[in-house]
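# Geometric and topological summary
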Amino acid sequence: MTGFQREAAALACDGVALDRIAAEHGTPLYVYSAATIAERYRAIDAAFAECPHAIHYALKANSTLAIARLLRTLGANADANSGGEIDVALRAGFIPSQIVFTGVGKTDAELAQAIDLGVRTINVESAGEIARVDALSRDRQTRTRIALRVNPDVDAKTHPHISTGLRTNKFGIPIHDVKDLCARAGFLDGVQIVGLHAHVGSQITDLEPLTRSARALASLAGELRAAGTAIEHLDLGGGLGVSYDGAPVPGARDYADAVLPIVRESGATIVLEPGRQIVAPAGVLLTRVIDVKTAGPRPSDLAPRSSDLQPPIRDRLFVVMDAGMTELLRPMLYNAFHRIEPVIQTDAPLVSCDVVGPLCETSDTLGKDRRLPRPEVGELYAVLDTGAYGSAMASNYNRRLLPAEVMIENGRARLIRRRQTIDELLALEL
Ligand SMILES: Cc1ncc(COP(=O)(O)O)c(C=O)c1O
């Protein structure tokens, strides 16, 4: 078994005790299991083995260099969402032909970077972007391989902030415009349409939207082929969710079983862009309790009530941690749920509490209404399943320093990103 397990009362990562790692590197601290990343990458690869496929790891989920490098050595390619992520991919050792470039608003400078490098494909989002890629490519006397990002108007049934495949979302080319656009792009010297792409959202735990999107791409590819555009690959995007609360969700095998019968017939190579599925359960955020405080009732609340119908106002217990929205934005951004556990289990009585961060924002909350063994100042906690969209979304709000990150490899803890210093934070200011 890889990943985060209890050894007696103590939570460990691949056999290395988390309290030991926190004592050495301080908190807040991200800890990743390299073995879990490898296992989860290989599970996707094995599930799609029967079909020609390429896994382009979505760097946006976590692009810390050591993680990107690990995935490259496992055989992954890269999905970059900005010029910065293309640079990270190159520094992690990916070659341009292993990179797909996605993103709803690519600047001319970013497009030129991708064209000059010769990335595998640029996933274009609009007629305007096709025209810009065409012009930039003709200036360079080259022809750029593009895939059309299709908006299939599919409801991903996920949080609205991470739903991308509805007609009303800003992403992609409306599906009914694609054939016409393809016909027009056929006359352009600077672009060659080689693929179709769709990504309908993230944290999708119902396979139906993913199969609907795959079906839309496969049937569109058939129509385009009949009209003379050779579609080499179908890029199904990312989006497969993970279980944040321990309830069962479909895994890589279920996903492959659902979409392969739909896309296999097309004869196209299948491109996948998983992010969360690979890294979310491979990381935890370690954080210590700074303060435990109660918000008691106001004196007026204690006055005799005119009616007994009102419930008594109970004290609210706040557990203030040294990590908050600057280290993990997801709870605040998407109301996302993460399990929060003491690293060393105690037999203190269970209490109801809100686990909150130290920032000057009321919404800076890691978990509301949790039942925890009564937390004590100084105790170490783990926020689980934070390997994806955790450190990648970290910020310096309140002038807080970006956290350190450690990876457990072969039973050893390696610091893969040291904690930012205040000098580094201020170095850009003139
Ligand atoms: C175009 C694209 N591909 C892939 C991904 C990765 O998604 P996930 O982490 O849900 O697999 C995203 C993220 O939303 C995306 O926008």
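Residues numbered from 1 in each chain as written. Predicted model: local features only at pLDDT ≥ 70, side-chain atom pairs only at ≥ 80, totals over all residues. Heavy atoms only, no water.

### Here we look at the overall build of the protein chain
Secondary structure summary: the protein chain contains 13 helices and 21 strands in total. Relative to a compact globule of 430 residues, whose C-alpha radius of gyration would be 22 Å, the protein chain shows 24 Å and is just as compact. Expressed as a percentage of its 430 residues, the buried residues of the protein chain come to 53%. Sequence-distant contacts, at least 24 apart, represent 70% of the contacts inside the protein chain between residues at least 6 apart. Just so you have it, the protein chain exposes about 19000 Å², and 52% of that area is on carbon and sulfur atoms. (Helix = DSSP H or I, 4+ residues; strand = E, 2+ residues; numbered from the N terminus. Rg over C-alpha atoms; globule rule 2.2 N^0.38 Å. Buried < 20%, exposed > 50% of the residue type's maximum accessible area, 1.4 Å probe, protein only. Contact = heavy atoms within 4.5 Å. Areas by Shrake-Rupley, 256 points an atom, 1.4 Å probe, with all protein chains shown as cover.)

### Remarks on the layout of surface pockets
One number sums up the size of the largest pocket: a volume of about 650 Å³. Along its surface, the largest pocket is lined by 32 residues, and Lys60, Asn81, Phe171, His199 and Tyr389 are the ones closest to its centre. Grouping the amino acids of the lining of the largest pocket by side-chain chemistry returns 11 nonpolar, 13 polar and 8 charged. Counted as a void, the second largest pocket has a volume near 450 Å³. Thr2, Gly3, Phe4, Thr36 and Pro281 are the residues nearest the centre of the second largest pocket, which is lined by 19 residues in total. Here the lining of the second largest pocket takes 4 residues from helix H2 (residues 34-47), the largest share from any one element. (1 Å grid on protein atoms, 1.4 Å probe; cavity = no way out; pocket = protein on both sides within 12 Å on 5 of 7 lines; lining within 4 Å. Points joined across faces, edges and corners; volume = space filled by probe spheres on them. Nonpolar A, V, L, I, M, F, W, Y, C, P; charged D, E, K, R; others polar.)

### Some details on the packing of helix H7 (residues 178-185) against helix H8 (residues 207-226)
Orientation of H7 relative to H8, taken along the N-to-C sense of each, is 40 degrees, at an axis distance of 11 Å. Viewed along their axes, H7 and H8 form a crossing whose handedness is right-handed. Residues Val178, Lys179 and Cys182 of H7 form the contact with H8, whose own contacting residues are Leu220, Glu223 and Leu224. Here the contact of H7 with H8 is built from residues that sort into 4 nonpolar, no polar and 2 charged. (Axes fitted to C-alpha atoms, helices over the stretch in contact; angles between N-to-C directions. Left-handed = near helix turned anticlockwise from the far one by under 90°.)

### Comments concerning the sheet that holds strand E3 (residues 16-17)
The strands that make up a sheet pair up through hydrogen bonds in the backbone, lying either parallel or antiparallel. Strand order in the open sheet formed by 3 strands is E1-E2-E3, with antiparallel pairing between adjacent strands. Looking at strand neighbours, the two that pair on one side only are strand E1 (4-7) and E3, the edges of this open sheet. As judged from the 2 bridges shared by strand E2 (residues 10-13) and E3, these two strands associate in the antiparallel manner. Across the sheet, alanine 12 pairs through a bridge with alanine 17, a residue of E3. (Pairing = 2+ DSSP bridges.)

### A few points about the side chain of histidine 338
When you line up the elements, histidine 338 lands in the loop between helix H12 (330-334) and strand E16 (340-342). A polar contact is formed between the side chain of histidine 338 and the backbone oxygen of leucine 384, at a distance of 2.8 Å. Not counting residues within four places of it along the chain, the set of residues in contact with histidine 338 comprises Tyr244, Leu328, Arg330, Pro331, Arg370, Val383, Leu384, Asp385 and Thr386. (Polar contact = N/O pair within 3.5 Å; in protein donor to acceptor, adjacent residues only side chain to side chain.)

### Focus on the site of the ligand
Near the ligand, the surroundings consist of 14 residues, among which Ser202, Gly239, Glu273, Arg276 and Tyr389 are the closest. Contact distances for the ligand include 2.4 Å between an oxygen atom and a side-chain N or O atom of serine 202. Contact distances for the ligand include 2.9 Å between an oxygen atom and a backbone N or O atom of glycine 239. The pocket occupied by the ligand, as judged from atoms lying within 2 Å of grid points, is the largest pocket. Of the residues that constitute the shell around the ligand, the class distribution is 3 nonpolar, 6 polar and 5 charged. (Near = heavy atom within 4 Å. Sits in = over half its atoms within 2 Å of the grid points.)

### A word on H8
Relative to the 28 Å expected for 20 residues at 1.5 Å per residue, H8 spans 29 Å between its end C-alpha atoms, a close match to the ideal helical length. For H8, the set of buried residues is Leu207, Pro209, Leu210, Thr211, Ser213, Ala214, Ala216, Leu217, Ala218, Leu220, Ala221 and Leu224. Its buried side turned inward, H8 meets strand E9 (144-151), H7, strand E11 (191-197), strand E12 (233-235) and helix H9 (252-263). For H8, the N-terminal cap is aspartate 206; the gap from its side-chain oxygen to the backbone nitrogen of glutamate 208 is 3.0 Å. The positive-phi residue at the C-terminal boundary of H8 is glycine 228, with phi of around 105 degrees. (Expected span 1.5 Å × (residues − 1).)

### Some points on the packing of aromatic side chains
Tallied over the full model, the rule gives 2 aromatic pairs. Between the aromatic rings of tyrosine 30 and tyrosine 32, the centroid separation amounts to 6.1 Å while the plane-to-plane angle is 5 degrees, which identifies the pairing as stacked. Residue class for tyrosine 30 comes out buried when judged on its relative accessible area of 0%. The positively charged end of lysine 106 is found above the aromatic ring belonging to phenylalanine 101, 5.7 Å away from the centroid. (Phe/Tyr/Trp six-rings, centres within 6.5 Å; stacked < 30°, edge-to-face > 60°. Lys NZ or Arg CZ within 6 Å of the ring centre and 35° of its normal.)

### Quick notes on empty space enclosed by the protein
Over the atoms a probe the size of a water molecule is rolled, and this reveals where empty space is left. If you walk through the whole model with that rule in mind, you get 2 cavities of 30 Å³ or more. Lining the largest cavity we find Ile44, Phe48, Gly237, Gly238, Gly239, Leu240, Ala252, Tyr255, Leu272, Glu273, Pro274 and Gln277. Across the lining of the largest cavity, the residue classes break down as 7 nonpolar, 4 polar and 1 charged. Estimated volume of the second largest cavity: approximately 40 Å³. As for the second largest cavity, its lining consists of Leu210, Ser213, Ala214, Leu236 and Tyr255. The biggest single contributor to the lining of the second largest cavity is H8, with 3 residues. Each residue belonging to the lining of the second largest cavity can be placed in one class, and the counts come to 4 nonpolar, 1 polar and no charged.

### Side note on the environment of isoleucine 21
Looking at where isoleucine 21 falls in the secondary structure, it is placed in helix H1 (residues 18-25). Note on isoleucine 21: relative accessible area 2%, which makes it buried. It is 9.6 Å that separates the C-alpha atoms of isoleucine 21 and arginine 414, two residues lying 393 residues apart in sequence.

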